[in-house]
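What the coordinates show
The lines below spell out each chain.
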Amino acid sequence: MGEARTLASVYRHFGAVDSAGTSPLYERVAVALSESAEALGALEAAPARTRHPALVLAALHDLALAGRAPALSAAYAAADGDAAAAAAIDTLLRMTDAVVAIAVRRKPQTLEAGRCAVLYPALAEAARRAGADAVGLVDVGSAAGLNLHVDRVGIAYSDGRSLGDPSAPVQLSAALVGHRPVPSRALPQVVTRIGVGLDPVDPADPDDARWLRACLAPDQPDRAARLDAELGLAATAPPLLLRGDAVEVLPDAFARVPADALPVVITTWSLSRSPLEDRLRFLQRLDGAAAGRAVAWVSVEGVGVAPAIPTLGDRRASGHSIIGLAVFDGSALHAEAVGRCWSRGRLLAWLADS
């Protein structure tokens with residue numbers, strides 16, 4: 001009973017707090033799950049790591065998108081909260097094994113390219129500092145590699161500046177805070193795009209693409225339309241996806257970047273899942289790779305998560321992330337916090353002199 005009450009409070013909080021104002025459907029569904037003893041019992045019997053509301057709701061959505069839960073699909077399409085709540089409970093009870101099988105194999109993904117508004121100026125600054133005319137991008141932990149197309153989207157900032165391709169099918173925007181403008185420097189030619197992850201998601205694979213859509217709430221059509229545009233953009237220049245632990249795979253990734261291009265590693269909210277020991281090994285791997293060539297690292301991580309990146313005196317769990325830039329060149333390491341961002345990159349404060 002104690003476990004059931006804990007699950008109930010988790011689902012109630014997800015509905016009443018996390019989904020409030022963003023997804024009325026998920027608000028209603030999550031609260032309904034929290035009030036259903038049968039649904040909580042089914043979840044309690046599942047492995048602990050598969051019980052999180054975001055994962056369970058995505059698994060249910062995946063079944064609906066695949067045509068395996070027609071009642072739930074119809075309720076989502078009609079944006080009928082009461083019908084969706086009833087259908088979600090029914091689907092979970094009838095197809096518990098299918099839900100758990102998806103949840104065991106997958107993890108929630110937040111891979112929209114909105115973070116490109118933060119990455120673009122930091123990547124361009126990395127290239128400037130290294131004197132590079134071309135870059136090879138290596139995205140660690142962002143499984144579908146949508147960050148790798150940062151140069152192929154259009155980005156509009158609230159001060160009127162713009163970066164990227166104004167004619168691209170994917171157009172993003174970000175609000176700026178503070179007095180320092182985002183540099184208007186263009187990113188040099190991207191000659192290599194490599195995604196690294198333990199379980200890469202291939203946006204060109206129909207099942208993987210469906211999972212990315214399933215991770216969005218069904219009543220967020222604008223986000224779904226943007227994701228479809230991003231997937232279409234990625235399909236025109238599929239990145240190379242390397243499976244494995246980043247520390248082990250990075251040497252292979254670096255070897256695939258031409259000698260006349262700067263390898264730039266990207267991490268966006270991926271290191272927080274690793275213990276400090278692994279993060280330090282990651283830093284050592286970058287430092288080791290720089291013995292033969294310059295290597296850059298652009299990080300967007302919580303305060304204190306990215307080793308060697310200054311925290312600016314900010315407190316951990318402060319609600320924002322630090323945009324870090326590190327350039328490894330021989331025995332020298334130059335690391336700086338070049339900005340702060342909020343709301344997954346939708347709000348940005350640029351701090352560096354450029």
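The structure under discussion appears in the preceding block.
Residues numbered from 1 in each chain as written. Predicted model: local features only at pLDDT ≥ 70, side-chain atom pairs only at ≥ 80, totals over all residues. Heavy atoms only, no water.

**A look at the pattern of salt bridges**
- Scanning all chains against the criterion turns up 19 salt bridges.
- Within the structure, one salt-bridge network assembled from shared partners comprises Glu-125, Arg-128, Arg-129, Arg-185 and Glu-336. (Salt bridge = Lys/Arg side-chain N within 4 Å of Asp/Glu carboxyl O.)

**Regarding the environment of Pro-263**
- When you line up the elements, Pro-263 lands in strand β7 (residues 262–268).
- Along the sequence, Pro-263 and Asp-245 sit 18 residues apart, while their C-alpha atoms lie 18 Å from each other.
- Not counting residues up to four positions away in its chain, the partners in contact with Pro-263 are Gly-136, Phe-254, Val-257, Arg-293, Ala-294, Val-295 and Ala-296. (Helix = DSSP H or I, 4+ residues; strand = E, 2+ residues; numbered from the N terminus. Contact = heavy atoms within 4.5 Å.)

**Some points on the environment of Ser-321**
- By the secondary structure assignment, Ser-321 is in strand β9 (residues 321–329).
- For Ser-321, a relative accessible area of 8% corresponds to the buried category.
- In the structure, Ser-321 is positioned 19 residues away from Gly-302 in sequence and 4.3 Å away in space, judged by C-alpha atoms.
- If we ignore the near neighbours within four places in the chain, the residues touching Ser-321 are Trp-269, Val-300, Glu-301, Gly-302, Gly-339, Arg-340 and Cys-341.
- Side-chain polar atoms of Ser-321 contact the side chain of Trp-269, separated by 2.7 Å. (Buried < 20%, exposed > 50% of the residue type's maximum accessible area, 1.4 Å probe, protein only. Polar contact = N/O pair within 3.5 Å; in protein donor to acceptor, adjacent residues only side chain to side chain.)

**Observations regarding the packing of helix α4 (residues 53–65) against helix α9 (residues 206–214)**
- Two elements in contact, α4 and α9, have axes separated by 8 Å at closest approach and are oriented at 125 degrees. By the criterion of interaxial angle, the relationship of α4 to α9 is oblique. The chirality of how α4 crosses α9 is right-handed. Contacts between α4 and α9 pair Leu-55, Ala-58, Ala-59, His-61, Asp-62 and Leu-65 from the former with Arg-210, Trp-211, Arg-213 and Ala-214 from the latter.
- For the contact of α4 with α9, the residue count by class is six nonpolar, one polar and three charged. (Axes fitted to C-alpha atoms, helices over the stretch in contact; angles between N-to-C directions. Parallel < 35°, antiparallel > 145°, perpendicular 65-115°, else oblique. Left-handed = near helix turned anticlockwise from the far one by under 90°. Nonpolar A, V, L, I, M, F, W, Y, C, P; charged D, E, K, R; others polar.)

Without other data, these values stay purely geometric and don't point to any function.
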